[in-house]
Amino acid sequence: MRHQSSAALNESGFNRSKRRLFGYAAVLAAAATLFGHAPAFAENYPNKAVRVVVPFPAGGSSDTAARIITKGLAEVLKQSFVVENKAGAAGTIGVASVIRSTPDGYTLGEGPVGATIIAKLIGIPAPYDPVKEILPIGNIGSLPLVFAVKGDLPVNNLADLVALAKSKPGALSYGTSGAGTPGHLAFEYFKKIAGLDILHVPYKGDAPLTTDLLGGQVDLGILTGPAAVAQAKSGKIKFLAVTSGERYPQMGNVPTLVESGYKDFSIEIWNLLFAPAGTDPKVLTTISSAMNTVLGQAETKATLAAQGYLPSVIMTPEETTAFVAKDRKLWETIVNTTGVKVGS
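In this text the structure is predicted, and so the values were computed from the model without any measurement.

## Here we look at helix 8 (residues 182–194)
Compared with the 18 Å implied by 1.5 Å per residue over 13 residues, the 18 Å span of helix 8 between its first and last C-alpha is a close match. With eleven of 13 residues buried, helix 8 is to be regarded as a mostly interior element.

## With respect to empty space enclosed by the protein
Left-over empty space is what a probe sized like a water molecule reveals as it rolls over the atoms. Scanning the model with the defined rule gives one cavity of 30 Å³ or more in all. As a volume, the largest cavity reaches approximately 30 Å³. Lining the largest cavity, in full, are Val52, Ala66, Ile69, Thr70, Leu73, Ile140 and Leu273. Among the elements that make up the lining of the largest cavity, the one with the highest residue count is helix 3 (residues 61–77) (four residues). Here the lining of the largest cavity is built from residues that sort into six nonpolar, one polar and no charged.

## Some points on the packing of helix 8 against helix 13 (residues 317–338)
Axis separation between helix 8 and helix 13 bottoms out at 9 Å; the angle between their running directions is 60°. With respect to helix 13, the element helix 8 is oriented oblique. Here helix 8 and helix 13 pass one another in a crossing that is left-handed. Contacts from Pro182, Leu185, Glu188, Tyr189 and Lys192 of helix 8 reach helix 13 at Trp331, Thr333, Ile334, Val335, Thr337 and Thr338. Looking at side-chain class alone, the contact of helix 8 with helix 13 contains six nonpolar, three polar and two charged residues.

## A look at the pattern of salt bridges
Close approach of charged atoms lets side chains of opposite charge pair. For the coordinates displayed, the defined rule picks out seven salt bridges. Linking Lys86 and Glu84 is a salt bridge whose minimum nitrogen-to-oxygen distance equals 3.3 Å. For Lys86, a relative accessible area of 27% gives the class partly exposed. Residue Glu84 is classed as partly exposed on the basis of its relative accessible area, which comes to 25%. For Glu188, the salt bridge goes to Lys191, with nearest N and O atoms at 3.0 Å.

Calculation criteria
Residues numbered from 1 in each chain as written. Predicted model: local features only at pLDDT ≥ 70, side-chain atom pairs only at ≥ 80, totals over all residues. Heavy atoms only, no water. Helix = DSSP H or I, 4+ residues; strand = E, 2+ residues; numbered from the N terminus. Expected span 1.5 Å × (residues − 1). Buried < 20%, exposed > 50% of the residue type's maximum accessible area, 1.4 Å probe, protein only. 1 Å grid on protein atoms, 1.4 Å probe; cavity = no way out; pocket = protein on both sides within 12 Å on 5 of 7 lines; lining within 4 Å. Points joined across faces, edges and corners; volume = space filled by probe spheres on them. Nonpolar A, V, L, I, M, F, W, Y, C, P; charged D, E, K, R; others polar. Axes fitted to C-alpha atoms, helices over the stretch in contact; angles between N-to-C directions. Parallel < 35°, antiparallel > 145°, perpendicular 65-115°, else oblique. Left-handed = near helix turned anticlockwise from the far one by under 90°. Contact = heavy atoms within 4.5 Å. Salt bridge = Lys/Arg side-chain N within 4 Å of Asp/Glu carboxyl O.

So, in structure tokens, the structure goes:
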């Protein structure tokens, strides 16, 4: 049997320790490669064009607001921001495409309340978990809903409408831009609270709804702010209330539902700017900071207001996440109270 000298044993132990050291060094190097670039990546961001997916067709209020904000982001961050319209399935197709993208900050999305909260609650299939897979950055803009009636309906305020509807159960009709839309859910919620029986007539958008409201084919219409503002001077429609927490600056003479006696009835339709889960937090901060700069500019405020938007609220990503969580509880209450389900 051979015996190793103590020097040989020491040398062997030294070599083993050395190998372990090199192994640890390799692991640390790999970790540095994997994680060490994140801060540098964020600091250099964006160094190429950023794609922003809008889940609606071009030309609508959501698309317009997104283009106003992306134009400002491009100016602040000195990089191109390209809007891509990807409509369908109540906005869920466009939102899903962003969620499936590489979370590198170069694909962002506009997330409407319908696709990020309501769809799942009312049974519309959406191939994502909005709570876990969407990282809110900020609120692009919010719109109120407006309760409007045809010009010859003998009512001048919400109390008159409630009294008329109760005197003729099932005789009145109300139209919305579609089944399962915020307007549909909001008015069904109002009906429950007020104890009314009014027939729902779903349309395919605000335009045909407004046409029939003007023509008297439907008694009541739940319009978005911009659609209502467009008809404010026609004199053919009467506006009874807005759903926003504060009065709508573009229609300052129309009371809120809260002012009309419906405590805590405050509903706004918003569009988030969001990134897919896994995006570097520093990228979110970079976009949020630039976005808040844009929203604070007088030109942006005026342009959004001209498009019918409520005054913007400046929020960090963390504040936006809390805002969405609070609104999710509101919509859960609305859906649970009304029982509205439209998905298959």
